[in-house]
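# Coordinates in review
One letter stands for each residue in the lines below.
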Amino acid sequence: MSAFVKTKLKAAREALNKQENERALDAALGALEYEPENYNANVFAGLAYLRLGQLDKSEQAYRKAVEGSPELVLAWQGLSKLYENAGKWEEYAKTLEKLARLHAAANDAPKCAEAVHKLIELRRDESKSNHAQLADALSLLLPESDLYLTLSTLPPPDPTSPTATTIADVQSAVHNSLPILEELVAMYEHDEETTANNEISKRRQRLGAPPPEQIQREVTLEILATSQLPRLYNEVLNHPNTSDELRRATEAKLLRLKQRHLFALPATGKHQQLKAQLAAEVDQLISGIVLLKIPDELAWTLHIEGKDAETIEAYDFGLLRQYVKLFPASALARFICTYFEYIAVPWQVEVDDTDKGEADSAPEPDPDIDYFEIMIEAFSDLGDSIFAHRIIAELYEEYSDHENVIKASESGLELVRRAEQNWGRQLKHVRKALNVTLATALVYLFPPKNHARALRVIDEIFAADPDNIPALMGRGFVLQYAKKWGEAADVFGRVVQLDPEQLAQGTRAKEERAWSRAMLRELQTAVDELREVIDTLETLEGHDEDKARAWWRLGRCYWEMGDEHKEAAFKHFVTSLKRSSTFAPAYTSLGIYYSEFLSPPDPNRASKCFQKAFELDARESDAARRLAEGFAEEGEWDLVEVVARRTIDGEGGARDGPEAKASRRYLPINAWAWKALGAVELVIYNPSCLFDIGLGGADGMLQTRRNYHAAIDAFQIALRTDEDDHMSWLRLGEAYSKAGKYAAASKALDHARELDPEDWVASYLIGEVQRQMSAYEDAITAFQSILSNRPHELGVLHSLGQCYLDLGRFELSTGFSVRAETSFLSAVRVTLDLLTASSGFRRVAWKTIADALFRLSGFAEVSDDDLVRETLASVIPLVTDHPGKGLVDILSYPLSAEDDSDLSTLALEVALAAYDYRLTLGGVDDAAKATAFYDLGLALSTFSRRVLDSAKRERAQQHAIAQFKEALRLEPGNDTFWVALGNATFLSQPGVCQHSYVRALEIDHKNAATWTNLGLFYLHHEDAELANEAFYKAQTLDPDYALAWVGQGLVATANGHDREATALFEHATTLTATAPEADLQYATRLFKRINASAKSRSASAEAFLPAFFVLDRFCKQRPKDASALNLFGLVCERVGHVALGMDLIARAIAVLEAAYEETEDPVIERQFTIAHTNIARLRLSVVDYEGALESYQVATGLLPEQPEDAETKVLLAQCQFGSGLAHFKLGELAEALQLLEAAMVTAADRPTVRGHVVVLLAQTLWAIGTEEAKESAKTQLLQSIEYDPENLMAINTLAGMGILTHDDGLVDAALSEVLSLPLDQRHERDPERDVTYLLVQHHLGQANPKQALSIAQKAVHAEPERGDVRRELASLTLRSGESGAAFAVLGGASQAHGDFAQLRASLALHSVALRVGGGELAPEALRLAQKGVMLSPWDRRSWEALVYARSRDAT
């Protein structure tokens, strides 16, 4: 080091001491210029920078010094101060730790301790550090720390002067590290618990997360794999200053930690060795705790639960007593105490000074204490105890509660599985014991339902213990129930050989072996062995059930030996009951004795015996079946159900609950019980009734349970036993059909018919299923095939009539009215045959007849008038010739089919009489009477709408309302009845109507028709908002219900939204189930819309086709609706079917005339007048001028000569105008002129009508031919134009006259005003472009084709989208021979595929243009000409184009 540097360093030190930091910095920097690596210079510079606040440069200087001499302390101290001032706590901590190590290396314990002290204080500040960092800092004070050797040289702290030094805490920790260990343990425990909870919560929220148990196991493994707690716990345990209390608490923590780690490890794989090691360590901890009797409940519980004891006695009772003493408040302690008291084993022990105890003598169990109930209560808190499950299972077994034995054993086995997985070792003895208990319970619980499962468990037992006696006994019982008597005898014989001295099992095995031999007909051997068993049992006290069973079996052996031994058998049966009066099989055998062997038989005593046997044991199926047969013969169906259900319960068929499919679980023993139950669930016949479908004759009542699904399950289970049982298949099919499962019903009934082809009932039920599936023709065929062999089978006749009725309804809904008429008549005829055959079906039959006639009454016209009258004539005497007939103030008696009365009205009257007659047939408690009132009310309501007599209408309406109310009184929960009442009171009683609809919706809020009716009610009362909500609800429930759309369309109309209304009506017409009202509304709106448009005259027929089709459908459904007929006629006029239109309007006139004769309603008179006006116009169009004049005269005669209202004026003007036109066509010009002048006067204030009249008057005058007349015609037109400048028809007519007379001035005068208008106004006045046509014709007439072509070109340029002006231009172009230009004007080939109407109008021109164009286009021209003829065969131009195309080919 140079002197200069030394001088600088000395100056820097002095400056620093005097706090002259800048001078010190300059001196240090001067030294560094010569020796950049000088340690002291860097340190001085760093300190100067630090004092000057230049922290970054200070850090750089210190770092440079440290890099040069890392073992020197001065620079590190400077850094620590720098980082502390700068708040860089992590760097500060690292520096402190570095300083501590440097001081330790220098054996400077105080400074080392001071650095450690500062580090620990820093880490204790939670805002600057975390627990892990604090733990690392505290670990520096432990013996395993590399600083401990230096720190251990510190003297112990002076307790008298704790503030004498700043490192007292370090001194205390070095000389007693236990507090540090405890602090570390607390921190690690908290951190690991927090980490585990957070990680588990996070992982459970992941998609596809595993079960919570698996997540917890995985997290536990991850945390404990790196946990410091086991080491720390051991250090605490090994620490000399650890107190006993802390030691016990730490041992408990270590045990739980290792136990969690052990249970989290998988039992196989790479962790197997670690798991075994941990298990040994846990066992060692548990053994120490138990040996020292430390009160750690977990250790004691693990010790007890982990013991692999073969029996309960193998558990150390002394150990259990000690557990009770240590933990008296625990559930397991209560359980153990109660169990010891129950088995009379002492649990309280007195311990003397030698620590040896002697048990007090146990008192006898207190009979007033229910020990079992106490144990069950304690067991509810011991769900994880294998020991408790074993005891409970054995106790349940003792009480023969096999079902709970199975539950307890299964739960115990699950606990054993979990324990084996947790500990990584097998509990073979415990598993075998629980398996033995489970297998025994499975054998005895509802045998043989659970035997298959029992055998699997027994096989598992035999794999570990082939000579296990309880398992052998269980296998023997299973073999007995399987009728494998020889194998069963061998198994029981093996038990006898294994344990001949064991009284209970050995004696029972001998008995069962004897019984098996008896079943093998080795009766004498069986008798001898049974007597040995009886001799053994008689010497024992108790065993009453065993004695009774042995005596009964002995009696059975004698019974099977023949009649000469049956008296001896009887005595043995009696002896059996003397031994045990509750032994059920003995009562069954006595019942059989009294009913079959005793002479004479004693059925009363036999029945009592059977009842007693069945009461004692529901498994006595023989007694149960005999009881059920007896009850069935007596008609006690409720008792039959009770017996069947208890029998099923006795075999375990009802224990799985209704949701369990018992048919998939086991094979029933008593199939008869399931069949009986299915029959009871399907239908119960009233004992007072003799009627059964197809079987009986008397009229009766049928009580239906309608538990069809329960019946289906019962028959399915019964068929498991016998798959070829014809009756079960038949009843199963019937249950399926009534449950609405028609496909399954069809299969079941087909199988039943295959099993017994001669059984007509199967064919009948198949026909019923086909009827329900709407396969009416197939059903009718099935019923007719049965009647061909059994013509008087009443049930089949009824079903055939009903099928015809259903078929008629279906045909009517699909529009086949003639077929429907035939079906309804067939329904009446077949049902009349039923009434002729028997009177027992009167109520059902008359409903069918009345329904059929009611449907017939809806036909406006019938196809076979004579057959209908004949059918009505056959019904009328039956419904009128009886006392008590009603409706005398409504119907005109006597009814007759001989007069010329309207058949539809007559059919309705006969239907009314039939409904009324049906009401007189019902009993007071008839369940169908409500429907009868409803049917009559519905027919009366229909009658009130059709009858023209207002008095009858009112009476019928009131009577209908009364009938609906009576129906509701009997059945207030029927929404259909409420809807009918609402419909009947719609106009007369709004409050009742609204209440009825609301009540109907409360019963069935998903009925779209009811919501629609409510919406129409609101709309009628002008509440459009509520109406719209109701219609919207109906549409939501059933989008295909047309009336809902009609209603919403009416709402849109009421709101002035005509476009939306039309769209709604149009949608309604497209639905499958259409509403006639929608058809009429849509057609009316479409017709009005087209007529109101400016282009109504040029509208093509296609525009009216939708109205044509829907009106055709409507008129077929309602052929007497005059308004619809008239509208349909007008539509036919527009589409070109004039003849059909005349026929329709003529029908409307006939309907209106008949209606007017009865009511003389002026509204009908006006409709009659309008209809005659319309038909007259149509007759004019077909050149029937005389007919037209006749109709006009009729209409004029009904109108006043001086009309006042505008409508009448228009009608009269039209009649005068039309009459004038007819006279004009007939050449009667004078009359025509007179009428036309009268029409002008009538229509003086109606410019449009007057304009038409003026034009026709001018044409008439022109037709006279004189110059005076022609001038008069021109004058009339000029005056009309002056009066109405927008009368384009007059303008065009005047221009036409000018063209004919070559009067250019007249043409210019007529058209000048129109031509001078702007283009848009001109087109508005001339929507049909008549002016353009006249100008073209005018120039053509003047032999000026160029000018005509120019006008046409201007028209196309103005409106290139109009097809008519393009065709006019193309035609003119063709005349000049320019076929290519004409084709281009038409739009080329694309025009041929455009709009249909345009296509049809352009095809002729297309064909001619192509043909003129050249020979290569001739085939295409011919094809287009043929297509034009096909599309428009009435168009002369199409035929001319075809002729032209072919003629050119010929030339």
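## What about the overall build of the protein?
When its secondary structure is counted, the protein shows 73 helices and 4 strands. Looking at the protein as a whole, 48% of its 1451 residues qualify as buried. Partitioning the contacts of the protein with sequence separation of at least 6, the portion at a separation of at least 24 is 54%. For the protein, the exposed area adds up to about 71300 Å²; of that, 51% sits on carbon and sulfur atoms.

## Quick notes on the packing of helix α49 (residues 1008-1020) against helix α51 (residues 1042-1054)
As a packed pair, α49 and α51 sit with axes 9 Å apart at the nearest point and diverge in direction by 20°. Taken as axis vectors, α49 and α51 run roughly parallel relative to one another. The handedness of the crossing between α49 and α51 is left-handed. Across the interface between the two elements, Thr-1012, Leu-1016 and Leu-1019 from α49 touch Leu-1043, Ala-1044, Gly-1047, Leu-1050, Val-1051 and Ala-1054 from α51. Split by residue class, the contact of α49 with α51 holds 7 nonpolar, 2 polar and no charged.

## What about the packing of aromatic side chains?
Under the definition given, this model contains 30 aromatic pairs. Geometrically, the ring pair formed by Tyr-776 and Phe-810 is tilted, given 6.0 Å between the ring centres and 50° between the ring planes. With Tyr-776 in helix α39 (residues 776-789) and Phe-810 in helix α40 (residues 794-813), this pair connects stretches of sequence that are 34 residues apart. For Tyr-776, a relative accessible area of 10% corresponds to the buried category. Residue class for Phe-810 comes out partly exposed when judged on its relative accessible area of 41%.

## Looking at the side chain of Ser-576
By secondary structure assignment, the location of Ser-576 is in helix α29 (residues 566-579). Setting aside anything within four residues of it in sequence, one finds Ser-576 in contact with Ala-548, Trp-551, Trp-552, Phe-583 and Ala-586.

## Some points on the nonpolar core
Counting 160 residues, the largest nonpolar core has Leu-151, Leu-184, Phe-335 and Trp-423 as the members making the most contacts within it. Residues Leu-794, Phe-824, Ala-850 and Tyr-917 belong to the second largest nonpolar core, which totals 115 residues.

## Observations concerning the confidence of the model for the protein
Of all residues in the protein, 89% attain a pLDDT of 70 or more, and the chain-wide mean is 83. Across residues 350-360 the pLDDT falls below 50, and counting only partners more than four positions away or on other chains, this stretch makes 13 contacts in the model. A low-confidence stretch, residues 657-664 (pLDDT under 50), is modelled with 8 contacts involving residues beyond four sequence positions or located in other chains.

## Overview of the environment of Arg-626
Mapped onto the elements of the fold, Arg-626 is located in helix α32 (residues 621-633). Since its relative accessible area comes to 26%, Arg-626 is described here as partly exposed. In sequence terms Arg-626 and Gly-591 are 35 residues apart; their C-alpha atoms lie 9.6 Å from each other. With residues up to four places along the chain from it excluded, the contact list for Arg-626 reads Ile-592, Ser-595, Glu-596 and Phe-610.

## Brief notes about helix α11 (residues 178-204)
For α11, which comprises 27 residues, the first-to-last C-alpha distance of 39 Å matches the rise-based estimate of 39 Å (1.5 Å per residue) to within 8%. All of the buried residues in α11 are Leu-178, Ile-180, Leu-181, Leu-184, Val-185, Met-187, Tyr-188, Glu-192, Ala-196, Glu-199, Ile-200 and Arg-203.

## Thoughts on the pattern of salt bridges
Using the criterion set out here, one finds 65 salt bridges in the structure. One salt bridge connects Lys-253 with Glu-189, and the closest N-O pair in it is separated by 3.4 Å. In this pair, Lys-253 sits in helix α14 (residues 244-264) while Glu-189 sits in helix α11, placing the two residues 64 residues apart along the sequence. Of the charged contacts in the structure, one is a salt bridge between Asp-806 and Arg-809, with a shortest N-O distance of 3.4 Å. In this pair, Asp-806 and Arg-809 are both assigned in helix α40, 3 residues apart and thus about one turn of the helix distant. We classify Asp-806 as buried; its relative accessible area is 11%. Using a relative accessible area of 28% as the deciding quantity, one classes Arg-809 as partly exposed.

## Describing helix α34 (residues 671-682)
Its 12 residues place the ends of α34 16 Å apart at the C-alpha level, agreeing with the 16 Å of an ideal helix rising 1.5 Å per residue. Counting buried positions along α34 gives 10 out of 12 residues, so the element sits mostly inside the fold. Inspection of α34 places Ala-671, Trp-672, Ala-673, Trp-674, Ala-676, Leu-677, Gly-678, Val-680, Glu-681 and Leu-682 among the buried residues, and these make up the whole buried set.

## Some words on the side chain of Glu-681
By the element assignment, Glu-681 lies in helix α34. Looking at Glu-681, the relative accessible area reads 4%, which means it is buried. Of note is the side chain of Glu-681, whose polar atom sits 2.7 Å from the side chain of Asn-707.

## Topic: unusual backbone geometry
Pro-447 connects to Pro-448 through a cis peptide bond whose omega is 0°. Cis geometry marks the peptide bond from Ser-599 to Pro-600, where omega comes out at -5°. Topologically, Pro-600 is positioned in the loop between α30 (584-597) and α31 (603-616). The backbone of Phe-446 sits at a positive phi, close to 50°, despite the residue not being glycine. Looking at where Phe-446 falls in the secondary structure, it is placed in the loop between α22 (428-444) and α23 (451-464). With relative accessibility at 11%, the residue Phe-446 sits in the buried group.

## As for the environment of Arg-553
By the element assignment, Arg-553 lies in helix α28 (residues 544-560). The spatial distance from the C-alpha of Arg-553 to the C-alpha of Pro-585 is 9.4 Å, given a sequence separation of 32 residues.

## A few points about the packing of helix α36 (residues 726-738) against helix α37 (residues 742-755)
Where α36 meets α37, the axes come as close as 8 Å, and the angle between the chain directions of the two elements is 160°. Between α36 and α37, the interaxial angle falls into the category roughly antiparallel. Note on packing geometry: the crossing formed by α36 with α37 is left-handed. Of the residues in α37, those touching α36 at His-726, Trp-729, Leu-730, Leu-732, Gly-733, Glu-734, Tyr-736 and Ser-737 are Tyr-742, Ala-744, Ala-745, Ala-748, Leu-749, His-751, Ala-752 and Leu-755. Residues of the contact of α36 with α37, tallied by class, amount to 11 nonpolar, 4 polar and 1 charged.

## A short note on the environment of Gln-1259
Along the chain, Gln-1259 falls in helix α61 (residues 1247-1264). Gln-1259 sits 35 residues away from Leu-1294 along the chain, and the two C-alpha atoms are 9.8 Å apart. Contact partners of Gln-1259, with chain neighbours within four places excluded, come to Phe-1224 and Thr-1293.

Reading the values: rules and limits
- Residues numbered from 1 in each chain as written.
- Predicted model: local features only at pLDDT ≥ 70, side-chain atom pairs only at ≥ 80, totals over all residues.
- Heavy atoms only, no water.
- Helix = DSSP H or I, 4+ residues; strand = E, 2+ residues; numbered from the N terminus.
- Buried < 20%, exposed > 50% of the residue type's maximum accessible area, 1.4 Å probe, protein only.
- Contact = heavy atoms within 4.5 Å.
- Areas by Shrake-Rupley, 256 points an atom, 1.4 Å probe, with all protein chains shown as cover.
- Axes fitted to C-alpha atoms, helices over the stretch in contact; angles between N-to-C directions.
- Parallel < 35°, antiparallel > 145°, perpendicular 65-115°, else oblique.
- Left-handed = near helix turned anticlockwise from the far one by under 90°.
- Nonpolar A, V, L, I, M, F, W, Y, C, P; charged D, E, K, R; others polar.
- Phe/Tyr/Trp six-rings, centres within 6.5 Å; stacked < 30°, edge-to-face > 60°.
- Core = buried A, V, L, I, M, F, W, Y, C linked by side-chain atoms within 4.5 Å.
- pLDDT = per-residue confidence, 0-100.
- Expected span 1.5 Å × (residues − 1).
- Salt bridge = Lys/Arg side-chain N within 4 Å of Asp/Glu carboxyl O.
- Polar contact = N/O pair within 3.5 Å; in protein donor to acceptor, adjacent residues only side chain to side chain.

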